[in-house]
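A closer look at the structure
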Protein chains: 2
Amino acid sequence: MIFSAYILDVLTESIYPARITIEDGVFKEISPINMTDETKIDVEGLLVPGFIDSHIHIESSMITPAQFARIAVRHGTTAAVCDPHEIANVCGIEGIEFMIENSKEVPFNFYFTAPSCVPATAFETSGASLDASDIEYLLEKDEVVGLAEMMNFPGVIDGDEEVLRKLEIARNSGKPIDGHAPLVTGRDLDKYVAQHIVTDHECSNFHEALEKKQKGMKIMVRDGSSAKNMEALFDFSEKLNHLKKQDGFSIIPTEIIERRLHSPIFDFIVSDDKHPNDLIEGHLNKSIKKAANLGIDVIQAIEMVTINPATHFGLDGGAIVTGSKADFVIIDSLHDLNVLKTYIGGECVFDGENVLFDVGEVSVKNSINASRKSADDFEMFFDGDECEVNVIECFNGELLTQKATAKLKCKDGKVSSDIYQDVLKIAVVERYGGENVANGFIKGFNLKKGAIASSVAHDSHNIIVVGYDSEMMAEAVNAVIDNKGGIAVVSEDFSDSLSLPIAGLMSNEDAYVVSEKLDTLHRMTKALGCTLDAPFMTMAFMALLVIPSLKISDKGLFDGDAFEFIDVIRN
Amino acid sequence: MIFSAYILDVLTESIYPARITIEDGVFKEISPINMTDETKIDVEGLLVPGFIDSHIHIESSMITPAQFARIAVRHGTTAAVCDPHEIANVCGIEGIEFMIENSKEVPFNFYFTAPSCVPATAFETSGASLDASDIEYLLEKDEVVGLAEMMNFPGVIDGDEEVLRKLEIARNSGKPIDGHAPLVTGRDLDKYVAQHIVTDHECSNFHEALEKKQKGMKIMVRDGSSAKNMEALFDFSEKLNHLKKQDGFSIIPTEIIERRLHSPIFDFIVSDDKHPNDLIEGHLNKSIKKAANLGIDVIQAIEMVTINPATHFGLDGGAIVTGSKADFVIIDSLHDLNVLKTYIGGECVFDGENVLFDVGEVSVKNSINASRKSADDFEMFFDGDECEVNVIECFNGELLTQKATAKLKCKDGKVSSDIYQDVLKIAVVERYGGENVANGFIKGFNLKKGAIASSVAHDSHNIIVVGYDSEMMAEAVNAVIDNKGGIAVVSEDFSDSLSLPIAGLMSNEDAYVVSEKLDTLHRMTKALGCTLDAPFMTMAFMALLVIPSLKISDKGLFDGDAFEFIDVIRN
């Protein structure tokens, strides 16, 4: 294939017209063209390198890797470094190997990192655990390009032996280690960095990111569905304040400061989690545009999703350069960033209208090993008229919860929920063969009736349910069980569910179908009174014990500050 | 050691006051200080990372690595990646190992690359040759961080088997490959780059460098004694022209172009060769200042000799960051760049006045294996009154020569030099045990009497001599032989010599002593009529056969265009 086009060269940060030869999927020749009045350029638009998402948990998109590829190429994404952390908690190595195999079905560059923290804690039942020797096994695979985010930062800082062993194995492999150290600072951060943990995607403010960068880490600016940190990290007033502090040693001329203001400082833009309804709207293309609107040099923003991740992880691609895999995107302009076509290995995979490859159906092995439940499983018993309970208080869009208390009425020895105080019932049902059901109370959902349940519940992905009454909770959980996993909304008025039969996390359908079904479930949940923007996501994080202050696992109500179980009933 | 100072953080391109803790030679803690009116900062000046010369042939400084370290730290240099190419041509592996051992005597970060092209050609007698298995042996050493400049670019492009084997060994070692491909362009360059040759330091114009950069190479901007490319590569009018060409696709806003004009685009600043008289004046500190005067952002210029080379070669250092080796320099300001103090591994090695470490004398094994010569060895015989000869025509400051011819008088059957036409005699004397002496004629030196000789003669370093008459030529060569190598100026009026007994390339003295002696020899050569700025350097390159058009080795006069020997006498 030989054609002429304007190309964005991220290596010299310039644009020029070139004659491009592609052979065997590789850029064979890129020759600048001297333009005359007669020169006609074949391609309308600008060639830019294919976009690379350097940190994503595909499972959060609720679709398979192959289906993810089909939607991602519409947005100019040609590669993704995936941390299969969620499926690893459910199915261990087997789950990871499923992701790798499934990803090979499609012409898309999938890379993987080895999940470093499975399970998240010892206070929950997970489907699998990965020890140091599992990590070693995974890092030997060609498809695995690094150790995934080391979330157990207390373990790193305190020198936990198994954690250090995993890190040592990763260092010896020569593959980079991703970090996850929200708000870790000072000496603790020094200890974390000393283990050669080289990236962080958890920075939520400019100074946090700056300190990590100053300590040698590379910063992944997160612009996903769950967490959006770009505004904070590209905040110009913060940057200006920071630069102004240098006045004490006034040797940076004003014009240099002026230039610095448009430089992102940081290294990558990543999505981390991308929910299906967001994913159909856009991916990194949207993030680049957002960065440019925040004042970042648009070419440098593009480098954050092309040459920077390619260099860091040693991936083929990331630049339009001779010898590199011919992954590229034709956009209309650097201003609008509309994706006109996407090419991977020199082949057109998206022609502006259609995705030019298909995916087959995945044969499903049921991963939900739980018996159907009845209302009784969700009752809390108390001998008296009223009892005082500990309540998880959650907030819109936040993972952090607070400890609240409430006085609740009891009827026939059973503690009732109370919609006047907005105290509903919450439970986690074990899905790994045991019969654990832990019950508690939660504030913040504002459901007036019915129940919602999901087998997406970080990180162990047992079945979590929030509801007004035990009857509906049992029905919602049973709908999830019957579907081999998924999300269900149940009420006296209407019921519906999304089946996620692949590990209880992913659908066999494409992003559009899943997104539409999720929209329906969202509307139903709102119709039941819920005031949260993303009720299923908020619910999913109520089981993530490592985030304070009060959470719940299949083993009981958990105090994240004291890091121990506490009773639900305070009397 | 704990102190406060303003630091230049090359990772975030900013300056801030910090409390710095150094333990065991490593930055243990770097904590930003919130300045109040009472805050006193301990250090006057600015802490910047130690400078790294990422490509240098130490032998060209005519001093040992240990002595090089003593002068380099005065200029803020704390590390050098050395290609021991010169000594390798003389003594092979043994010479390289001498350099490595000698470098360990001093507290300075020496790294080495494995010379890839020894000998340069088959048309000369060298002291050693390094084959693929030697390269493999060298690359296994911890001190060796890469394969040195692949000068045999025709061999790479034509697919020479031994060359490709060396490159493959280097790739398998995981250590980067340095390039050397002057003016190579287009498809030839593609083939060169395809071998994963990742740097080039031979670029002499902006477009050459731009093409290489666009093809994925990293560009070493050379600012040394022999070659100075910085002005050409940092030429703003060239950059502006290049950027203006993008008008055809006018999507880069003017303010982005404006910012781009101060960015160097390229990756490293290197010296390649640094002669003793230049070295006592400055090193990379001078180059940074020069770059800033050319309009380059001074912080980005500093990155080219700190974090960029450290990242590329995987060296410890390059930034003032926790966990890194405490190599740093205190400068007075980013404007003047005067080095106040230099620290390596947390230890002060230069206090602003004195270098705080000493070096011992190297015990010398004579590497000059040549018998003393007589005038007859330098006669060219011709039976007649006049003969026509081929003449090497050299030019001030250039390595390229032209083919000239001249008619010369003959006396007693011997061809005479002719100062009216400026045609002098030149000869190369083998120094590796054989008795080769090749004679020829040269134009451009303008010596009116006497002779100059040197055992520094690229790349094989036989003894080269230029003179008015055979008597003085023999005396000059014998002075070099008696000195176990070096440079000699001989005439009826005065004579002097610099002894370079270490491989015939390096002195046992320090940079100041060698520089002073060289100055004396320069003055003497000028007094003999020579019009060249650097006669010994120009002479040294008359034996470098790979640079066209006419050169001379110990085996005869060599036509670099036809790549074959030719006769001196044309009759």
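Let me sum up the structure you'll find in this document. (Residues numbered from 1 in each chain as written. Chains lettered and ligands numbered in written order. Predicted model: local features only at pLDDT ≥ 70, side-chain atom pairs only at ≥ 80, totals over all residues. Heavy atoms only, no water.)

1. Focus on the relation of the copies chain B and chain A
With an RMSD of 0.0 Å, the operation that places chain B on chain A is a rotation of 180° combined with a shift of 0.0 Å along the axis. The superposition operator between the copies reduces to a two-fold rotation axis. In terms of proximity to the rotation axis, the leading residue of chain B is Arg259 of chain B, whose C-alpha is 3.1 Å off the axis. A share of 100% of interface residues in chain B that are also interface residues in chain A marks the association as one of identical surfaces. (Least-squares fit on C-alpha atoms with pLDDT ≥ 70 in both. Contact = heavy atoms within 4.5 Å.)

2. Brief notes about unusual backbone geometry
The amide bond that connects His458 of chain A to the next residue, Asp459 of chain A, takes the cis arrangement and shows omega of -15°. The backbone of Phe563 of chain A sits at a positive phi, close to 55°, despite the residue not being glycine. Mapped onto the fold, Phe563 of chain A is located in the loop between strand 26 (556-559) and strand 27 (564-565). When its relative accessible area of 37% is taken as the criterion, Phe563 of chain A is described as partly exposed. A positive phi angle is found at Ile265 of chain B, which is not glycine, with a value near 65°. Considering the arrangement of structural elements, one finds Ile265 of chain B in the loop between helix 10 (254-260) and strand 12 (268-270). Judged by relative accessible area, which is 17%, Ile265 of chain B ranks as buried. (Helix = DSSP H or I, 4+ residues; strand = E, 2+ residues; numbered from the N terminus. Buried < 20%, exposed > 50% of the residue type's maximum accessible area, 1.4 Å probe, protein only.)

3. Let's talk about the sheet that holds strand 24 (residues 495-499) of chain A
Residues and elements named next belong to chain A. An order of 18-17-16-20-19-22-21-23-24 is seen for the nine strands of this open sheet, with the pairing classed as mixed. The strands lining the two open edges of the sheet, one partner per strand, are strand 18 (414-415) and strand 24. Summarising the sheet, strand 16 (residues 386-393) and strand 17 (residues 402-411) pair through eight bridges and their orientation is antiparallel. Directly across from Ile392, in strand 17, lies its bridge partner Lys403. Sitting on the sheet, helix 16 (residues 511-527) touches strand 21 (451-454), strand 23 (486-490) and strand 24, and the angle it makes with strand 24 is about 145°. (Pairing = 2+ DSSP bridges. Axes fitted to C-alpha atoms, helices over the stretch in contact; angles between N-to-C directions.)

4. Structural notes on the packing of aromatic side chains
Residues and elements named next belong to chain A. Under the definition given, this model contains 26 aromatic pairs over all chains. When the centroid spacing of 5.6 Å and the interplanar angle of 75° are considered together, the rings of Phe123 and Phe565 count as edge-to-face. Note that Phe123 is positioned in the loop between strand 7 (109-114) and helix 3 (132-139) and Phe565 in strand 27, a separation of 442 residues in sequence. Note on Phe565: relative accessible area 34%, which makes it partly exposed. Members of the aromatic cluster, connected to one another through ring pairs, are Phe3, Phe27, Phe328 and Tyr343. (Phe/Tyr/Trp six-rings, centres within 6.5 Å; stacked < 30°, edge-to-face > 60°.)

5. Notes on the side chain of Thr525 of chain B
Note on placement: Thr525 of chain B falls in helix 16 (residues 511-527). Leave out the neighbours within four places in its chain, and Thr525 of chain B touches Leu447, Ile452, Val489, Cys530, Pro535 and Phe536 of chain B.

6. What to know about the pairing of strand 22 (residues 463-467) of chain A
Residue and element names in this part refer to chain A. Extensive coverage of strand 22 is indicated by the burial of five of its five residues. Residue alternation in strand 22 divides its side chains into two sets, Ile463, Val465 and Gly467 and Ile464 and Val466, and both sets are buried. Pairing geometry for strand 19 (residues 423-429) and strand 22, over five bridges, is antiparallel. Bridge pairing links Val429 to Ile463 in strand 22. As paired elements, strand 21 and strand 22 share four bridges and run antiparallel to each other. Across the sheet, residue Ile452 finds its bridge partner in strand 22, namely Val466.

7. Section: the interface of chain B and chain A
Across the boundary between the two partners, chain B contributes 43 residues, which contact 43 residues of chain A. Here chain B meets chain A over a buried area of about 3800 Å², counting both sides, of which 60% is carbon and sulfur. Our enumeration of links across chain B and chain A arrives at two salt bridges. In this structure, Arg187 of chain B and Glu29 of chain A form a salt bridge, with 3.5 Å as the shortest nitrogen-oxygen distance. With four residues, the single largest contributor to the side of chain B that touches chain A is strand 3 (residues 26-32) of chain B. In terms of residue class, the side of chain B that touches chain A is made up of 17 nonpolar, 13 polar and 13 charged. (Buried area = accessible area lost by both parts, 1.4 Å probe. Salt bridge = Lys/Arg side-chain N within 4 Å of Asp/Glu carboxyl O. Nonpolar A, V, L, I, M, F, W, Y, C, P; charged D, E, K, R; others polar.)

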